Amino acid sequence: MRLASLMLVPLLLAACAPSATTPSTSSGTRTGLKGPLPTGETWTISGLDQNNNKISGKVKLSGGPTYRDGDRRWDYDGDNGYILYYEKDGGSSTFRVWDVSDPKRLVACYIFRPFDAAQKTYTGAGLAGTQEEISAVFAKLSGTGTVLTGGNCTVTRE
């Protein structure tokens, strides 16, 4: 379950672009690549959502990523959710960890910094709710120039 409609906030990532010789589909999605995040790890979300309610979630990355040329995004599937990793020239990057195991309460932690293989814990902005509730948060932000804020969340990878 992808929440592509939630990509209204310009969150981009850096480095790790695939080579021009990797397999590609007609949709601009490449498979069979080694992306920037390690697979097989479990990513645990904890903290508070946009309404200061407690959030928790867990996603174990299950396989190699796909790369979407159009928005320079790595998509990692997991057992209970997924991670979206965005590239940007100049070294800045962001990623989003989504636990979608409960469709009535999706849980996300938005990390506004690059991934570092030596780092095990990241802090960011937490969001939770149904897809409609989370979409409403982004609709309020769309075109306002306001940066995404939410509760404070922590993602720990094991």
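That block above? That's the structure.
Everything quoted here is computed from the prediction, not taken from an experiment. (Residues numbered from 1 in each chain as written. Predicted model: local features only at pLDDT ≥ 70, side-chain atom pairs only at ≥ 80, totals over all residues. Heavy atoms only, no water.)

### Regarding the overall build of the protein chain
So the rule is basically this: Only DSSP runs of H or I reaching four residues or more are called helices, and only runs of E reaching two or more are called strands; each is numbered from the N terminus. Exposure categories follow from relative accessible area, calculated using a 1.4 Å probe and restricted to protein chains: below 20% of the type maximum is buried, above 50% is exposed, and the middle band is partly exposed. When checking whether two residues touch, look at their non-hydrogen atoms; a contact exists if any pair is within 4.5 Å. To measure how exposed things are, a 1.4 Å probe is used in the Shrake-Rupley method; for residues, cover is taken only from the protein chains shown.
The helix and strand tally for the protein chain stands at one helix and 10 strands. Secondary structure of the protein chain in N-to-C order comes out as β-β-β-β-β-β-β-β-β-α-β. Classification of the 158 residues of the protein chain by burial places 44% in the buried group. Contacts in the protein chain between residues far apart in sequence, at least 24 positions, make up 55% of those at least 6 positions apart. Of the accessible surface of the protein chain, which amounts to about 7700 Å², a share of 51% is contributed by carbon and sulfur atoms.

### Considerations on the environment of Phe-115
With respect to the helices and strands, the residue Phe-115 is situated in the loop between β8 (106–111) and β9 (121–129). Sequence separation between Phe-115 and Pro-36 is 79 residues; the distance between their C-alpha atoms is 7.7 Å.

### Side note on the environment of Ser-101
Note the threshold: Pairing of N or O atoms within 3.5 Å defines a polar contact, subject to two protein rules: one partner must be a possible hydrogen donor and the other a possible acceptor, and residues neighboring in sequence count only if both atoms are side-chain atoms.
Mapped onto the elements of the fold, Ser-101 is located in the loop between β7 (94–99) and β8. Exposure remark for Ser-101: the relative accessible area of 48% places this residue in the partly exposed category. Between the C-alpha atoms of Ser-101 and Asn-80, which are 21 residues apart in sequence, the distance is 5.0 Å. Separated by 2.6 Å, the side chains of Ser-101 and Asp-99 make a polar contact.

### Brief notes about the packing of aromatic side chains
For the record, the criterion: Pairing of aromatic side chains requires ring centres within 6.5 Å, counting the rings of Phe and Tyr and the six-membered ring of Trp. Pairs whose planes differ by under 30 degrees are stacked, by over 60 edge-to-face, and all others tilted.
Under the counting rule described, the total for this entry stands at nine aromatic pairs. Aromatic side chains Phe-95 and Tyr-122 sit 5.2 Å apart centroid to centroid with 85° between the ring planes, which places their arrangement in the edge-to-face category. Note that Phe-95 is positioned in strand β7 and Tyr-122 in strand β9, a separation of 27 residues in sequence. The pair Phe-95 / Tyr-122 is uniform in exposure class, with both members buried. On the basis of an interplanar angle of 70° and a centroid distance of 6.1 Å, the ring pair of Trp-98 and Tyr-110 is categorised as edge-to-face. Placement of the pair is Trp-98 in strand β7 and Tyr-110 in strand β8, with a sequence separation of 12 residues. With respect to burial, Trp-98 and Tyr-110 carry one shared label: buried. The rings of Trp-43, Tyr-85, Phe-95, Phe-115 and Tyr-122 are connected pair by pair, giving a single aromatic cluster.

### With respect to the pairing of strand β2 (residues 42–48)
To keep things clear, this is the line we draw: Note on pairing: DSSP must find at least two bridges between two strands before they are called paired.
The sheet contact formed by β2 and strand β3 (residues 54–60) spans seven bridges and is antiparallel. Residue Ser-46 lies in a different strand from β3, and its bridge partner there is Ser-56. Here β2 folds back onto β3 in antiparallel fashion, the turn holding five residues, of which Asn-52 has a positive phi close to 60°. Relative to strand β10 (residues 151–157), β2 is paired through five bridges, and the arrangement is antiparallel. By the bridge assignment, Ile-45 is partnered in β10 with Val-155.

### Description of the pattern of salt bridges
Cut-off, in case you're wondering: The rule for a salt bridge is simple: a side-chain nitrogen of Lys or Arg has to be within 4 Å of a carboxyl oxygen of Asp or Glu.
For the coordinates displayed, the defined rule picks out seven salt bridges. Ionic pairing is found between Asp-75 and Arg-68, a salt bridge with its closest N-O pair at 2.6 Å. The exposure class assigned to Arg-68 is partly exposed, which follows from its relative accessible area of 27%. The partner of Asp-75 in a salt bridge is Arg-73, with the nearest N and O atoms 2.5 Å apart. Assigned by exposure class, Asp-75 and Arg-73 land together as buried.

### A look at the nonpolar core
Selection criterion: The criterion is simple. A nonpolar core is a set of buried Ala, Val, Leu, Ile, Met, Phe, Trp, Tyr and Cys residues joined through side-chain atoms within 4.5 Å.
Among the nonpolar cores identified, the biggest contains 21 residues, and Trp-43, Ile-83, Phe-95 and Val-97 are the most heavily contacted of them. Residue assignment for this core shows that the elements contributing at least two residues are β2, β3, β5 (73–77), β6 (81–86), β7, β8, β9 and β10. The element best represented in this core is β8, accounting for three residues. In this structure, Trp-98, Ala-108, Tyr-110 and Ile-134 belong to the second largest nonpolar core, which totals 11 residues.

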